[in-house]
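# Per-entry structural report
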Amino acid sequence: MRLNVNENTHPVPEAVATDIVMALAQAVMGVNRYPDREFTTLRESLAGYLGHGLGPENLWAANGSNEVIQQVLQAFGGPGRSVLGFPPTYSMHPIIAGSTGTRWIDAARDDAYEISPETVAAAIRRENPDIVFLCSPNNPTGTPIGLETIAAAYDAHPGILLVDEAYAEFGEGDTALTLLPGRPRLLVSRTMSKAFAFAGARLGYLAADPAVADALRLVRLPYHLSALTQAAAVAALGHAPEMLAMVDDIKRQRDRIIVGLRDLGYLPLPSESNFVLFGGVDDPHAVFQELLAGGVIIREVSIPNHLRVTAGSEAETSIFLDAMGRIAALGKIGT
Ligand SMILES: *Cc1c(COP(=O)(O)O)cnc(C)c1O
């Protein structure tokens, strides 16, 4: 049972899968030709899904949002440039920065992993980075970032601000998409990997001013999105309500995990994502190993005395909580 990488553990509904297969069958008939390098139909579908008055010219996509982020750093970062982030945050952000030669700068969060407008503005003024990354809701903490903080980060420097909203569909707060009008340096990245149950298809995207897509065109490889990826994503987006039907159930399981772990004496953080970070673990590696021995894989994180678990199906959540109950009874918890 894999509850370690925040996948949606629910499969694609069968009726939707059939439709995707039909779209793929059609696309296969044309794979002797290169795909639409502008992926226009896909950008129209993504714009329609996001709403907020966005059009295809505001959208960009790649093979997962990791590739979108890589292209952003290739276009706007690179040797001699820097990107500021607020750990603990998505572990791939500094790794992709490193692979593009962009210097990564850490800045501190406030208590409870929050970031106030004052904190974000002070860090940006102090470090003067070319690019700022914010992750909301944040992985691995589940913490959302308020729109005031995002607006303050935008105003605090003349460079690019990327808000990684991989878990937006699980959140309660407002999306940074509402801040896009009049902010040409704001980029909001999303993915079909989490809420959309499409991690294996590899489709990430971002919304921004059309000039951002023009910049990313300069760094992407020709035909980077295959005709099959485009066809599958367009077909899936045509069934967005069914694809997203499990989000409410996953949120219920997430909240069950929070209550269940708290009852066991652990310290789960509030979460607006499909995972829970919990503290109060004396020996996280021992708990990880104990769960693994029972067939449950969760995630060790860089935060001392903490572990992260993905909210799966109701049955998976029960198995995880039962296993944690047995471990707590063995006395492997702290206070
Ligand atoms: C999972 C995740 C992603 C993205 O993944 P792709 O599968 O490459 O789209 C991006 N950002 C965060 C914060 C994530 O947790």
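Sequence order sets the numbering: in each chain, residues are counted from 1 along the sequence as written. Given that this is a predicted model, residues contribute local features only at a pLDDT of at least 70 and side-chain atom pairs are listed and counted only at 80 or more, while totals for whole chains, interfaces and linings are drawn from all residues. As a rule here, side-chain values cover all heavy atoms of the structure and leave hydrogens and water aside.

### A word on the sheet that holds strand 8 (residues 267–268)
In plain terms, the rule: DSSP-based pairing: two strands are paired if at least 2 bridges between them are found. By the criteria applied, helices consist of DSSP H or I runs no shorter than four residues and strands consist of E runs no shorter than two, each listed in order from the N terminus.
Strand order in the open sheet formed by four strands is 8-9-11-10, and the pairing between neighbours is antiparallel. Each end of this open sheet is capped by a strand with a single partner; those strands are strand 8 and strand 10 (299–300). Strand direction decides the pairing type here: strand 9 (residues 275–279) and strand 11 (residues 307–310), joined by four bridges, are antiparallel. Bridge pairing links valine 276 to valine 309 in strand 11.

### Examining the domain arrangement of the protein
Size of an interface, as often reported, equals the accessible area lost when the parts are brought together. Threshold: Reported domain spans reflect what an automatic or database domain assignment gives. Any two residues having at least one pair of non-hydrogen atoms within 4.5 Å are treated as being in contact. Each salt bridge in this description consists of a side-chain nitrogen of Lys or Arg and a carboxyl oxygen of Asp or Glu lying within 4 Å of one another. Polar contact is defined as a pair of N or O atoms within 3.5 Å, subject to the rule that within protein one atom must be able to donate a hydrogen and the other to accept it, and that residues adjacent in sequence are counted only when both atoms are side-chain atoms.
Looking at the assigned domains, one finds that the protein contains domain 1 (14–239) and domain 2 (242–330). In this assembly, 23 residues from domain 1 lie in contact with 20 residues from domain 2. Linking domain 1 to domain 2 there are one salt bridge. Among the ionic pairs, lysine 251 bridges to glutamate 172, the shortest N-O distance being 3.3 Å. The tally of links from domain 1 across to domain 2 stands at nine residue pairs in polar contact (both at pLDDT 80 or more).

### Section: the pattern of salt bridges
Between side chains of opposite charge, a pair can form as their charged atoms come close. Stated precisely, the cut-off is as follows: Note on classification: 1.4 Å probe, protein chains only; a residue is buried when its accessible area is under 20% of the maximum for its type, exposed when over 50%, partly exposed between these limits.
For the structure shown, the criterion picks out 11 salt bridges. Between arginine 220 and glutamate 38 there is a salt bridge, with its nearest N and O atoms 3.6 Å apart. Separated by 182 residues along the polypeptide, arginine 220 in the loop between helix 7 (210–217) and helix 8 (227–237) and glutamate 38 in the loop between helix 1 (14–28) and helix 2 (40–50) bring together distant segments of the chain. Of the residues examined, arginine 220 reaches a relative accessible area of 8% and is grouped as buried. On the basis of relative accessibility, which here comes to 22%, the residue glutamate 38 falls in the partly exposed class. Note that arginine 190 is salt-bridged to glutamate 165, the shortest N-O span being 2.9 Å. Residue arginine 190 is located in strand 6 (residues 186–191), and its partner glutamate 165 is located in the loop between strand 5 (160–164) and strand 6; the two are separated by 25 residues in the primary sequence. By relative accessible area, which is 3% here, glutamate 165 ends up buried.

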